[in-house]
Amino acid sequence: MAKVVIIGGGVAGLAAGIYARKSGYDCEIYEKHFITGGQCTGWNRGGYHIDNCVHWLTGTSPDTDIHRVWREVGVLADDIDIIRHKLFLQVRQDGKVLNVWSDLDRFADEMTAIAPEDRRQIRHFVKMLKTFSHMDMPALKPAEQMTFADKMRFLRKCWRLIPYAVRYNGVSLPDYVSRFRSSVVRAIISSYLPATFNVISIVYMYATFLSGNGAIPRGGSMALTKRMETRFRQLGGKVFTRHEAKQVGIEGNRLRSVTFADGTTVEADNFIFACDTRVTFDLLGDKYMDNFFRKRYADIDTYPVFSNFNVYLAADSRCEDLPDMLIFSCRPFSIVGRSHDRIVLKNFNYEPSFAPEGHTVLQVLMVQDAADFDRWQHLYTTDREAYRAEKARAAAAIVERIVELEPHYAGHLKVIETVSPYSFHRYCGAYKGAYMSFISTHKTERELHNGRVAGLDNVYLSGQWIQPPGGLPNALVSGRFAVQRMCKVDGTEFVSDCK
Ligand SMILES: Cc1cc2nc3c(=O)[nH]c(=O)nc-3n(C[C@H](O)[C@H](O)[C@H](O)COP(=O)(O)OP(=O)(O)OC[C@H]3O[C@@H](n4cnc5c(N)ncnc54)[C@H](O)[C@@H]3O)c2cc1C
(Lines give C-alpha, C1' and ligand atoms only; values in the text may rest on other atoms or scores of the structure.)
Protein backbone atom coordinates (compact mmCIF):
# COMPACT_ATOMS: atom_id res chain seq x y z
CA MET A 1 0.00 0.00 0.00
CA ALA A 2 1.50 3.37 -1.02
CA LYS A 3 2.02 5.78 1.85
CA VAL A 4 0.99 9.44 1.88
CA VAL A 5 2.03 11.93 4.53
CA ILE A 6 -0.08 15.05 5.04
CA ILE A 7 1.43 18.16 6.63
CA GLY A 8 -1.24 20.20 8.42
CA GLY A 9 -4.42 18.96 10.10
CA GLY A 10 -6.90 21.75 9.27
CA VAL A 11 -10.07 21.16 7.23
CA ALA A 12 -8.01 20.68 4.04
CA GLY A 13 -5.58 18.20 5.63
CA LEU A 14 -8.37 16.20 7.28
CA ALA A 15 -10.37 16.09 4.03
CA ALA A 16 -7.28 14.93 2.13
CA GLY A 17 -6.70 12.27 4.80
CA ILE A 18 -10.25 10.93 4.56
CA TYR A 19 -10.12 10.65 0.76
CA ALA A 20 -6.61 9.17 0.81
CA ARG A 21 -7.78 6.41 3.17
CA LYS A 22 -10.94 5.79 1.16
CA SER A 23 -8.76 5.45 -1.95
CA GLY A 24 -6.55 2.84 -0.28
CA TYR A 25 -3.48 4.82 0.77
CA ASP A 26 -1.68 4.29 4.07
CA CYS A 27 -2.08 7.80 5.48
CA GLU A 28 -0.62 9.87 8.32
CA ILE A 29 -1.43 13.49 9.21
CA TYR A 30 1.23 15.58 10.99
CA GLU A 31 -0.05 18.71 12.73
CA LYS A 32 2.08 21.25 14.59
CA HIS A 33 -0.60 22.19 17.14
CA PHE A 34 -1.80 19.91 19.97
CA ILE A 35 -5.17 19.53 18.24
CA THR A 36 -6.33 19.25 14.65
CA GLY A 37 -8.75 21.74 13.09
CA GLY A 38 -6.41 24.59 12.16
CA GLN A 39 -8.34 27.86 11.99
CA CYS A 40 -11.64 25.99 12.32
CA THR A 41 -11.31 25.45 16.04
CA GLY A 42 -12.44 26.53 19.49
CA TRP A 43 -11.23 26.46 23.08
CA ASN A 44 -12.53 26.98 26.61
CA ARG A 45 -11.99 30.00 28.88
CA GLY A 46 -13.32 30.16 32.44
CA GLY A 47 -16.49 28.18 31.82
CA TYR A 48 -17.14 29.65 28.34
CA HIS A 49 -16.42 28.23 24.89
CA ILE A 50 -14.56 30.43 22.41
CA ASP A 51 -15.65 29.56 18.86
CA ASN A 52 -12.98 30.75 16.44
CA CYS A 53 -14.57 30.17 13.09
CA VAL A 54 -17.87 29.17 11.61
CA HIS A 55 -20.38 31.99 11.07
CA TRP A 56 -21.84 30.28 8.07
CA LEU A 57 -21.04 27.01 6.32
CA THR A 58 -21.54 27.02 2.57
CA GLY A 59 -23.14 23.69 1.74
CA THR A 60 -25.99 23.35 4.22
CA SER A 61 -28.50 23.15 1.37
CA PRO A 62 -29.01 19.47 0.39
CA ASP A 63 -29.37 20.45 -3.28
CA THR A 64 -25.69 21.31 -3.66
CA ASP A 65 -22.67 19.16 -4.56
CA ILE A 66 -20.65 20.63 -1.69
CA HIS A 67 -23.36 19.42 0.75
CA ARG A 68 -22.74 15.83 -0.37
CA VAL A 69 -19.00 16.24 0.18
CA TRP A 70 -19.55 17.69 3.70
CA ARG A 71 -21.70 14.63 4.43
CA GLU A 72 -19.07 12.24 3.12
CA VAL A 73 -16.38 13.66 5.44
CA GLY A 74 -18.76 13.49 8.44
CA VAL A 75 -19.37 17.20 8.99
CA LEU A 76 -23.06 17.06 8.06
CA ALA A 77 -25.32 14.15 8.94
CA ASP A 78 -28.98 13.47 9.62
CA ASP A 79 -28.41 13.80 13.37
CA ILE A 80 -26.48 17.10 13.16
CA ASP A 81 -28.85 19.96 13.87
CA ILE A 82 -28.50 22.88 11.44
CA ILE A 83 -29.11 26.33 12.90
CA ARG A 84 -30.89 28.54 10.37
CA HIS A 85 -31.11 32.12 11.58
CA LYS A 86 -34.10 34.17 10.44
CA LEU A 87 -31.91 37.26 10.69
CA PHE A 88 -28.36 37.12 9.27
CA LEU A 89 -27.33 40.66 10.09
CA GLN A 90 -28.65 43.88 11.54
CA VAL A 91 -27.02 47.24 10.79
CA ARG A 92 -27.54 50.30 12.98
CA GLN A 93 -26.26 53.42 11.30
CA ASP A 94 -27.14 57.13 11.70
CA GLY A 95 -30.13 56.30 13.91
CA LYS A 96 -31.60 53.83 11.41
CA VAL A 97 -31.91 50.04 11.69
CA LEU A 98 -31.85 47.70 8.68
CA ASN A 99 -32.05 43.89 8.76
CA VAL A 100 -30.83 41.20 6.36
CA TRP A 101 -33.66 38.66 6.75
CA SER A 102 -33.44 35.11 5.44
CA ASP A 103 -36.70 35.93 3.64
CA LEU A 104 -35.42 37.92 0.66
CA ASP A 105 -38.76 39.64 -0.05
CA ARG A 106 -38.92 40.85 3.54
CA PHE A 107 -35.33 42.13 3.29
CA ALA A 108 -36.14 43.90 0.00
CA ASP A 109 -39.32 45.49 1.38
CA GLU A 110 -37.52 46.73 4.49
CA MET A 111 -34.68 48.23 2.45
CA THR A 112 -37.12 50.01 0.13
CA ALA A 113 -39.18 51.34 3.05
CA ILE A 114 -36.08 52.77 4.72
CA ALA A 115 -34.50 54.09 1.52
CA PRO A 116 -37.22 54.84 -1.07
CA GLU A 117 -34.71 57.13 -2.82
CA ASP A 118 -32.69 53.99 -3.75
CA ARG A 119 -35.69 52.01 -5.03
CA ARG A 120 -34.20 51.31 -8.49
CA GLN A 121 -30.77 50.28 -7.24
CA ILE A 122 -32.33 48.10 -4.53
CA ARG A 123 -34.50 46.31 -7.11
CA HIS A 124 -31.39 45.56 -9.16
CA PHE A 125 -29.40 44.41 -6.09
CA VAL A 126 -32.22 42.07 -5.04
CA LYS A 127 -32.43 40.64 -8.56
CA MET A 128 -28.73 39.87 -8.38
CA LEU A 129 -29.18 38.17 -5.00
CA LYS A 130 -32.01 36.01 -6.41
CA THR A 131 -29.89 34.97 -9.38
CA PHE A 132 -26.87 34.14 -7.24
CA SER A 133 -28.94 32.04 -4.87
CA HIS A 134 -28.87 29.30 -7.57
CA MET A 135 -25.06 29.23 -7.46
CA ASP A 136 -23.30 25.94 -6.68
CA MET A 137 -19.52 25.72 -6.45
CA PRO A 138 -17.60 22.99 -8.32
CA ALA A 139 -16.94 20.49 -5.56
CA LEU A 140 -16.63 17.09 -7.20
CA LYS A 141 -13.58 17.30 -9.47
CA PRO A 142 -10.66 19.66 -10.04
CA ALA A 143 -11.10 21.73 -13.21
CA GLU A 144 -8.55 19.77 -15.27
CA GLN A 145 -10.36 16.47 -14.58
CA MET A 146 -13.82 17.73 -15.52
CA THR A 147 -15.23 16.15 -18.67
CA PHE A 148 -17.24 18.09 -21.24
CA ALA A 149 -20.41 16.72 -19.62
CA ASP A 150 -19.24 17.89 -16.15
CA LYS A 151 -18.61 21.37 -17.49
CA MET A 152 -22.02 21.50 -19.17
CA ARG A 153 -23.69 20.34 -15.94
CA PHE A 154 -21.96 23.14 -14.03
CA LEU A 155 -22.78 25.70 -16.71
CA ARG A 156 -26.47 24.74 -16.61
CA LYS A 157 -26.52 25.72 -12.91
CA CYS A 158 -24.57 28.94 -13.30
CA TRP A 159 -25.17 30.46 -16.74
CA ARG A 160 -27.59 33.07 -15.36
CA LEU A 161 -24.76 34.51 -13.28
CA ILE A 162 -22.45 35.17 -16.20
CA PRO A 163 -23.80 38.62 -17.23
CA TYR A 164 -23.54 39.83 -13.62
CA ALA A 165 -20.05 38.40 -13.20
CA VAL A 166 -18.92 40.12 -16.41
CA ARG A 167 -20.53 43.42 -15.38
CA TYR A 168 -19.44 43.52 -11.73
CA ASN A 169 -16.21 41.54 -11.38
CA GLY A 170 -14.20 44.69 -12.05
CA VAL A 171 -16.25 46.91 -9.72
CA SER A 172 -14.97 47.64 -6.22
CA LEU A 173 -17.29 47.58 -3.23
CA PRO A 174 -16.86 51.34 -2.47
CA ASP A 175 -17.62 52.19 -6.13
CA TYR A 176 -20.74 50.04 -6.09
CA VAL A 177 -22.13 51.37 -2.80
CA SER A 178 -21.64 54.96 -3.95
CA ARG A 179 -24.64 54.29 -6.26
CA PHE A 180 -26.89 54.14 -3.17
CA ARG A 181 -27.87 57.36 -1.38
CA SER A 182 -29.00 55.91 1.95
CA SER A 183 -26.09 55.53 4.41
CA VAL A 184 -27.71 52.54 6.14
CA VAL A 185 -28.16 50.67 2.82
CA ARG A 186 -24.58 51.54 1.93
CA ALA A 187 -23.49 50.16 5.31
CA ILE A 188 -25.38 46.89 4.88
CA ILE A 189 -23.69 46.25 1.53
CA SER A 190 -20.19 47.35 2.48
CA SER A 191 -19.63 46.72 6.21
CA TYR A 192 -19.43 42.95 6.53
CA LEU A 193 -16.50 42.27 4.21
CA PRO A 194 -13.37 44.44 3.91
CA ALA A 195 -13.73 47.22 1.32
CA THR A 196 -11.08 45.58 -0.90
CA PHE A 197 -13.48 42.75 -1.89
CA ASN A 198 -15.31 43.01 -5.22
CA VAL A 199 -19.11 43.32 -5.51
CA ILE A 200 -19.62 39.72 -6.55
CA SER A 201 -18.13 38.47 -3.26
CA ILE A 202 -20.69 40.29 -1.10
CA VAL A 203 -23.54 39.28 -3.43
CA TYR A 204 -22.39 35.65 -3.31
CA MET A 205 -22.12 35.75 0.49
CA TYR A 206 -25.61 37.19 1.05
CA ALA A 207 -27.12 34.92 -1.62
CA THR A 208 -25.59 31.87 0.06
CA PHE A 209 -27.30 32.79 3.33
CA LEU A 210 -30.61 33.81 1.73
CA SER A 211 -30.86 30.56 -0.24
CA GLY A 212 -30.44 28.47 2.93
CA ASN A 213 -27.01 27.25 1.79
CA GLY A 214 -25.08 29.14 4.50
CA ALA A 215 -26.33 27.97 7.90
CA ILE A 216 -24.42 26.71 10.96
CA PRO A 217 -24.05 23.11 12.15
CA ARG A 218 -24.79 22.87 15.89
CA GLY A 219 -21.69 22.63 18.08
CA GLY A 220 -19.65 25.12 16.08
CA SER A 221 -16.13 24.99 14.71
CA MET A 222 -14.31 22.56 16.98
CA ALA A 223 -17.10 19.98 16.91
CA LEU A 224 -17.10 20.23 13.10
CA THR A 225 -13.41 19.37 12.70
CA LYS A 226 -13.55 16.76 15.48
CA ARG A 227 -16.15 14.91 13.36
CA MET A 228 -13.71 14.99 10.43
CA GLU A 229 -10.88 13.67 12.60
CA THR A 230 -13.14 10.89 13.88
CA ARG A 231 -14.07 9.92 10.31
CA PHE A 232 -10.36 9.85 9.36
CA ARG A 233 -9.42 7.69 12.35
CA GLN A 234 -12.38 5.34 11.72
CA LEU A 235 -11.02 4.80 8.22
CA GLY A 236 -7.67 3.74 9.73
CA GLY A 237 -5.78 7.04 9.39
CA LYS A 238 -3.19 8.12 11.97
CA VAL A 239 -2.83 11.63 13.43
CA PHE A 240 0.37 12.96 14.98
CA THR A 241 -0.14 16.28 16.76
CA ARG A 242 2.68 18.50 18.15
CA HIS A 243 4.64 17.69 15.00
CA GLU A 244 5.84 20.84 13.29
CA ALA A 245 7.50 20.17 9.93
CA LYS A 246 10.87 21.94 9.92
CA GLN A 247 12.91 20.45 7.13
CA VAL A 248 12.51 18.39 3.97
CA GLY A 249 14.72 15.86 2.20
CA ILE A 250 14.60 16.15 -1.60
CA GLU A 251 16.30 13.80 -4.06
CA GLY A 252 16.04 14.84 -7.70
CA ASN A 253 12.43 15.42 -8.52
CA ARG A 254 11.03 13.61 -5.49
CA LEU A 255 10.47 14.56 -1.90
CA ARG A 256 11.77 11.70 0.26
CA SER A 257 11.25 12.84 3.84
CA VAL A 258 10.02 15.47 6.26
CA THR A 259 11.74 16.16 9.57
CA PHE A 260 9.89 17.64 12.53
CA ALA A 261 10.85 20.04 15.33
CA ASP A 262 11.38 17.09 17.72
CA GLY A 263 14.00 15.63 15.38
CA THR A 264 11.91 12.70 14.10
CA THR A 265 11.71 12.03 10.37
CA VAL A 266 9.02 10.42 8.24
CA GLU A 267 9.38 9.00 4.74
CA ALA A 268 6.56 8.40 2.26
CA ASP A 269 5.72 7.79 -1.39
CA ASN A 270 3.63 10.95 -1.66
CA PHE A 271 3.22 14.15 0.35
CA ILE A 272 0.27 16.52 0.57
CA PHE A 273 1.05 19.94 2.03
CA ALA A 274 -2.12 21.19 3.71
CA CYS A 275 -0.46 23.89 5.81
CA ASP A 276 -0.38 27.56 4.86
CA THR A 277 1.38 27.72 1.47
CA ARG A 278 3.81 30.39 2.73
CA VAL A 279 4.96 27.75 5.25
CA THR A 280 5.09 25.13 2.47
CA PHE A 281 7.43 27.20 0.31
CA ASP A 282 9.57 28.13 3.32
CA LEU A 283 10.03 24.37 3.76
CA LEU A 284 10.47 23.34 0.12
CA GLY A 285 12.40 26.44 -0.93
CA ASP A 286 11.19 29.40 -2.98
CA LYS A 287 12.76 27.95 -6.13
CA TYR A 288 9.72 25.62 -6.26
CA MET A 289 7.28 28.53 -6.13
CA ASP A 290 5.40 29.09 -9.38
CA ASN A 291 4.08 32.31 -10.87
CA PHE A 292 0.67 31.97 -9.17
CA PHE A 293 2.23 32.40 -5.74
CA ARG A 294 5.28 34.45 -6.77
CA LYS A 295 3.15 37.32 -8.03
CA ARG A 296 0.81 37.15 -5.05
CA TYR A 297 3.50 37.17 -2.37
CA ALA A 298 5.41 39.92 -4.20
CA ASP A 299 2.50 42.36 -4.53
CA ILE A 300 0.23 42.57 -1.51
CA ASP A 301 -1.52 45.70 -2.85
CA THR A 302 -2.88 43.82 -5.86
CA TYR A 303 -3.38 40.59 -3.89
CA PRO A 304 -4.42 41.75 -0.42
CA VAL A 305 -5.32 39.53 2.51
CA PHE A 306 -7.16 40.34 5.71
CA SER A 307 -7.29 39.24 9.30
CA ASN A 308 -9.17 40.18 12.46
CA PHE A 309 -8.71 41.49 15.94
CA ASN A 310 -11.32 39.45 17.83
CA VAL A 311 -12.58 40.11 21.35
CA TYR A 312 -14.72 37.60 23.24
CA LEU A 313 -17.02 38.84 25.99
CA ALA A 314 -18.88 36.95 28.69
CA ALA A 315 -22.33 38.43 29.32
CA ASP A 316 -24.24 37.55 32.49
CA SER A 317 -27.54 37.40 30.60
CA ARG A 318 -28.98 35.77 27.46
CA CYS A 319 -28.58 39.04 25.48
CA GLU A 320 -32.01 38.49 23.91
CA ASP A 321 -32.11 42.12 22.74
CA LEU A 322 -29.03 41.67 20.54
CA PRO A 323 -29.40 40.06 17.09
CA ASP A 324 -27.17 37.14 16.05
CA MET A 325 -24.97 39.56 14.15
CA LEU A 326 -24.96 43.34 14.58
CA ILE A 327 -22.91 46.05 12.90
CA PHE A 328 -23.15 49.49 14.48
CA SER A 329 -21.46 52.81 13.95
CA CYS A 330 -19.71 54.21 17.00
CA ARG A 331 -17.40 56.91 18.36
CA PRO A 332 -13.97 56.39 16.72
CA PHE A 333 -11.33 54.38 18.56
CA SER A 334 -7.98 52.96 17.49
CA ILE A 335 -6.46 49.50 17.18
CA VAL A 336 -2.67 49.46 16.67
CA GLY A 337 -2.87 53.08 15.54
CA ARG A 338 -5.68 52.75 12.96
CA SER A 339 -9.00 54.41 13.60
CA HIS A 340 -12.30 52.45 13.52
CA ASP A 341 -15.84 53.80 13.73
CA ARG A 342 -17.86 50.60 13.30
CA ILE A 343 -18.11 47.38 15.30
CA VAL A 344 -19.21 43.88 14.23
CA LEU A 345 -20.78 42.05 17.17
CA LYS A 346 -21.79 38.38 17.10
CA ASN A 347 -24.14 36.89 19.66
CA PHE A 348 -23.67 33.16 20.39
CA ASN A 349 -26.85 32.79 22.45
CA TYR A 350 -28.11 30.23 19.90
CA GLU A 351 -25.45 27.84 21.33
CA PRO A 352 -26.40 27.42 25.03
CA SER A 353 -23.56 24.92 25.51
CA PHE A 354 -20.99 27.72 24.94
CA ALA A 355 -21.80 29.45 28.24
CA PRO A 356 -23.07 28.69 31.77
CA GLU A 357 -26.85 28.68 32.06
CA GLY A 358 -28.37 32.14 31.60
CA HIS A 359 -25.08 33.55 30.27
CA THR A 360 -23.84 34.20 26.71
CA VAL A 361 -20.62 34.61 24.76
CA LEU A 362 -20.37 37.65 22.48
CA GLN A 363 -17.66 38.01 19.83
CA VAL A 364 -16.41 41.29 18.37
CA LEU A 365 -14.71 41.06 14.97
CA MET A 366 -12.59 43.99 13.79
CA VAL A 367 -11.07 43.72 10.31
CA GLN A 368 -7.30 44.12 10.16
CA ASP A 369 -5.12 44.48 7.07
CA ALA A 370 -1.52 43.44 6.38
CA ALA A 371 -0.13 46.73 7.76
CA ASP A 372 -2.05 46.12 11.01
CA PHE A 373 -0.59 42.61 11.13
CA ASP A 374 2.93 44.06 10.80
CA ARG A 375 2.26 46.38 13.76
CA TRP A 376 0.95 43.50 15.91
CA GLN A 377 3.95 41.39 14.91
CA HIS A 378 6.35 44.22 15.75
CA LEU A 379 4.74 44.65 19.17
CA TYR A 380 4.79 40.92 19.93
CA THR A 381 8.40 40.41 18.90
CA THR A 382 9.85 43.58 20.46
CA ASP A 383 7.76 44.26 23.56
CA ARG A 384 5.44 41.49 24.81
CA GLU A 385 4.02 43.72 27.57
CA ALA A 386 3.11 46.47 25.08
CA TYR A 387 1.45 43.81 22.87
CA ARG A 388 -0.71 42.62 25.78
CA ALA A 389 -1.47 46.20 26.82
CA GLU A 390 -2.64 47.14 23.30
CA LYS A 391 -4.96 44.13 23.20
CA ALA A 392 -6.42 45.08 26.59
CA ARG A 393 -6.76 48.78 25.69
CA ALA A 394 -8.51 48.09 22.38
CA ALA A 395 -10.83 45.54 24.05
CA ALA A 396 -11.76 48.07 26.76
CA ALA A 397 -12.50 50.72 24.10
CA ILE A 398 -14.79 48.23 22.34
CA VAL A 399 -16.69 47.39 25.54
CA GLU A 400 -17.12 51.14 26.15
CA ARG A 401 -18.68 51.56 22.66
CA ILE A 402 -21.08 48.62 23.21
CA VAL A 403 -22.20 50.18 26.49
CA GLU A 404 -22.69 53.53 24.74
CA LEU A 405 -25.02 51.72 22.33
CA GLU A 406 -26.81 49.65 24.99
CA PRO A 407 -26.21 51.31 28.40
CA HIS A 408 -27.87 48.46 30.35
CA TYR A 409 -24.80 46.29 29.60
CA ALA A 410 -22.61 48.52 31.81
CA GLY A 411 -20.89 46.24 34.33
CA HIS A 412 -22.32 43.08 32.69
CA LEU A 413 -19.67 42.36 30.04
CA LYS A 414 -16.31 40.81 30.86
CA VAL A 415 -13.44 40.41 28.37
CA ILE A 416 -12.50 36.71 28.41
CA GLU A 417 -10.28 36.47 25.32
CA THR A 418 -8.55 38.66 22.73
CA VAL A 419 -7.15 37.25 19.47
CA SER A 420 -4.85 39.39 17.35
CA PRO A 421 -3.84 38.76 13.72
CA TYR A 422 -0.50 37.68 15.12
CA SER A 423 -2.26 34.91 17.12
CA PHE A 424 -3.46 33.35 13.81
CA HIS A 425 0.13 33.45 12.61
CA ARG A 426 1.55 31.97 15.82
CA TYR A 427 -0.93 29.11 16.07
CA CYS A 428 -1.57 28.21 12.42
CA GLY A 429 1.40 29.76 10.60
CA ALA A 430 -1.10 32.00 8.76
CA TYR A 431 0.50 34.35 6.25
CA LYS A 432 0.00 37.92 7.55
CA GLY A 433 -2.46 36.45 10.05
CA ALA A 434 -4.96 35.87 7.22
CA TYR A 435 -7.68 33.37 7.97
CA MET A 436 -9.07 33.35 4.46
CA SER A 437 -7.10 33.25 1.20
CA PHE A 438 -6.17 36.10 -1.17
CA ILE A 439 -9.08 38.54 -1.45
CA SER A 440 -11.02 38.59 -4.74
CA THR A 441 -10.71 42.31 -5.50
CA HIS A 442 -12.09 44.18 -8.51
CA LYS A 443 -8.58 43.97 -10.02
CA THR A 444 -7.88 40.24 -9.64
CA GLU A 445 -9.30 37.64 -12.00
CA ARG A 446 -10.58 34.41 -10.40
CA GLU A 447 -7.70 32.00 -10.74
CA LEU A 448 -7.32 28.58 -9.15
CA HIS A 449 -4.02 26.82 -8.61
CA ASN A 450 -3.37 23.42 -10.20
CA GLY A 451 -2.36 21.92 -6.83
CA ARG A 452 1.04 20.68 -8.07
CA VAL A 453 4.62 21.77 -7.38
CA ALA A 454 6.64 22.02 -10.58
CA GLY A 455 9.85 20.02 -10.13
CA LEU A 456 8.52 17.70 -7.39
CA ASP A 457 6.53 14.81 -8.86
CA ASN A 458 5.18 13.36 -5.61
CA VAL A 459 4.10 16.60 -3.87
CA TYR A 460 0.51 17.94 -3.88
CA LEU A 461 -0.87 21.15 -2.45
CA SER A 462 -4.16 21.57 -0.67
CA GLY A 463 -5.62 24.24 1.60
CA GLN A 464 -7.59 27.40 1.05
CA TRP A 465 -4.63 29.30 -0.46
CA ILE A 466 -4.85 27.37 -3.73
CA GLN A 467 -8.57 28.20 -3.99
CA PRO A 468 -8.97 31.98 -3.40
CA PRO A 469 -10.91 33.51 -1.70
CA GLY A 470 -10.67 30.54 0.67
CA GLY A 471 -13.01 29.64 3.53
CA LEU A 472 -14.18 26.23 4.72
CA PRO A 473 -15.73 24.92 1.46
CA ASN A 474 -12.61 25.77 -0.54
CA ALA A 475 -10.39 24.16 2.08
CA LEU A 476 -12.61 21.04 1.93
CA VAL A 477 -12.59 20.63 -1.84
CA SER A 478 -8.87 21.38 -2.05
CA GLY A 479 -8.23 18.31 0.12
CA ARG A 480 -10.45 16.14 -2.06
CA PHE A 481 -8.87 17.53 -5.25
CA ALA A 482 -5.32 16.83 -3.96
CA VAL A 483 -6.18 13.12 -3.62
CA GLN A 484 -7.90 13.06 -7.02
CA ARG A 485 -4.72 14.50 -8.56
CA MET A 486 -2.54 12.01 -6.68
CA CYS A 487 -4.69 9.04 -7.80
CA LYS A 488 -4.52 10.21 -11.40
CA VAL A 489 -0.69 10.41 -11.31
CA ASP A 490 -0.41 7.02 -9.51
CA GLY A 491 -2.96 5.39 -11.82
CA THR A 492 -5.15 4.32 -8.88
CA GLU A 493 -8.89 4.64 -8.44
CA PHE A 494 -10.20 7.67 -6.53
CA VAL A 495 -12.91 6.35 -4.21
CA SER A 496 -15.86 8.53 -3.20
CA ASP A 497 -19.61 8.16 -2.89
CA CYS A 498 -20.04 11.63 -4.45
CA LYS A 499 -19.76 11.18 -8.19
C1 LIG B 1 -12.53 34.31 12.95
C2 LIG B 1 -12.73 33.39 11.77
C3 LIG B 1 -13.97 33.28 11.19
C4 LIG B 1 -14.16 32.47 10.08
N5 LIG B 1 -15.42 32.31 9.59
C6 LIG B 1 -15.63 31.48 8.56
C7 LIG B 1 -16.95 31.19 8.12
O8 LIG B 1 -17.93 31.64 8.71
N9 LIG B 1 -17.11 30.40 7.02
C10 LIG B 1 -16.04 29.88 6.36
O11 LIG B 1 -16.25 29.18 5.36
N12 LIG B 1 -14.78 30.09 6.77
C13 LIG B 1 -14.54 30.87 7.86
N14 LIG B 1 -13.27 31.06 8.31
C15 LIG B 1 -12.14 30.56 7.51
C16 LIG B 1 -11.82 29.09 7.76
O17 LIG B 1 -11.57 28.87 9.11
C18 LIG B 1 -10.58 28.73 6.93
O19 LIG B 1 -10.82 29.09 5.59
C20 LIG B 1 -10.26 27.23 6.96
O21 LIG B 1 -10.34 26.73 8.26
C22 LIG B 1 -8.88 27.01 6.36
O23 LIG B 1 -8.56 25.64 6.41
P24 LIG B 1 -7.18 25.09 5.86
O25 LIG B 1 -7.13 23.66 6.20
O26 LIG B 1 -6.99 25.50 4.45
O27 LIG B 1 -6.03 25.90 6.66
P28 LIG B 1 -5.68 25.96 8.24
O29 LIG B 1 -6.92 25.93 9.04
O30 LIG B 1 -4.78 27.14 8.39
O31 LIG B 1 -4.89 24.62 8.51
C32 LIG B 1 -3.51 24.52 8.30
C33 LIG B 1 -2.95 23.61 9.39
O34 LIG B 1 -1.56 23.42 9.16
C35 LIG B 1 -0.88 23.45 10.41
N36 LIG B 1 0.52 23.77 10.19
C37 LIG B 1 1.06 24.97 9.84
N38 LIG B 1 2.39 24.88 9.73
C39 LIG B 1 2.71 23.58 10.00
C40 LIG B 1 3.93 22.87 10.03
N41 LIG B 1 5.11 23.46 9.76
N42 LIG B 1 3.90 21.55 10.35
C43 LIG B 1 2.72 20.93 10.62
N44 LIG B 1 1.53 21.57 10.61
C45 LIG B 1 1.52 22.88 10.28
C46 LIG B 1 -1.64 24.52 11.19
O47 LIG B 1 -1.40 24.43 12.57
C48 LIG B 1 -3.07 24.22 10.78
O49 LIG B 1 -3.67 23.28 11.64
C50 LIG B 1 -13.06 31.80 9.48
C51 LIG B 1 -11.83 31.86 10.10
C52 LIG B 1 -11.66 32.62 11.24
C53 LIG B 1 -10.33 32.63 11.94
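Residues numbered from 1 in each chain as written. Predicted model: local features only at pLDDT ≥ 70, side-chain atom pairs only at ≥ 80, totals over all residues.

This next bit is on the site of the ligand. For the ligand, the set of nearby residues contains 38 residues, the closest of which are Gly8, Gly10, Gly38, Gly471 and Leu472. Those elements that provide at least two residues to the shell around the ligand are helix H1 (11–22), strand E15 (307–315) and helix H16 (472–490). If you tally residues by element for the shell around the ligand, the top one is H1, at 3 residues. Among the residues making up the shell around the ligand, the classes are represented as 18 nonpolar, 16 polar and 4 charged. When residues of the shell around the ligand are assigned to domains, at least three map to each of domain 1 (3–42 + 219–301 + 442–490) and domain 3 (307–433). (Near = placed C-beta within 6 Å. Helix = DSSP H or I, 4+ residues; strand = E, 2+ residues; numbered from the N terminus. Nonpolar A, V, L, I, M, F, W, Y, C, P; charged D, E, K, R; others polar. Domains from an automatic or database assignment.)

Here we take up helix H15 (residues 421–428). Burial analysis of H15 places 6 of its 8 residues in the buried class, the great majority of the element. When H15 is considered as a whole, its buried residues turn out to be Pro421, Tyr422, Ser423, Phe424, His425 and Cys428. Each element contacted by the buried residues of H15 is listed here: E15, strand E18 (360–368), helix H13 (370–382) and strand E19 (413–419). Gly429, located one to two residues past H15, shows a positive phi value of around 70°. (Buried ≥ 20, exposed ≤ 12 C-beta atoms within 10 Å, placed from the backbone. Contact = placed C-beta atoms within 7 Å.)

Paired through their backbone hydrogen bonds, the strands of a sheet run either parallel or antiparallel. Across the sheet, which stays open at both edges, the 7 strands sit in the order E8-E7-E16-E17-E18-E15-E19 with mixed pairing between neighbours. Each edge of the open sheet is held by one strand with a lone partner, namely strand E8 (96–101) and E19. Sheet twist, expressed as the average angle between the axes of neighbouring strands with direction ignored, equals 30°. In this structure, E15 lies alongside E18, joined through 9 bridges in antiparallel fashion. Directly across from Asn310, in E18, lies its bridge partner Leu365. (Pairing = 2+ DSSP bridges. Axes fitted to C-alpha atoms, helices over the stretch in contact; angles between N-to-C directions.)

Our focus in this paragraph is the domain arrangement of the protein. If you check the domain split of the protein, you get domain 1 (3–42 + 219–301 + 442–490), domain 2 (85–211) and domain 3 (307–433). Taking only C-alpha atoms, the centre of domain 1 and the centre of domain 3 are 30 Å apart. The interface of domain 1 with domain 3 comprises 9 residues on the first partner and 8 residues on the second. The class makeup of the residues in the side of domain 1 that touches domain 3 is 3 nonpolar, 4 polar and 2 charged.

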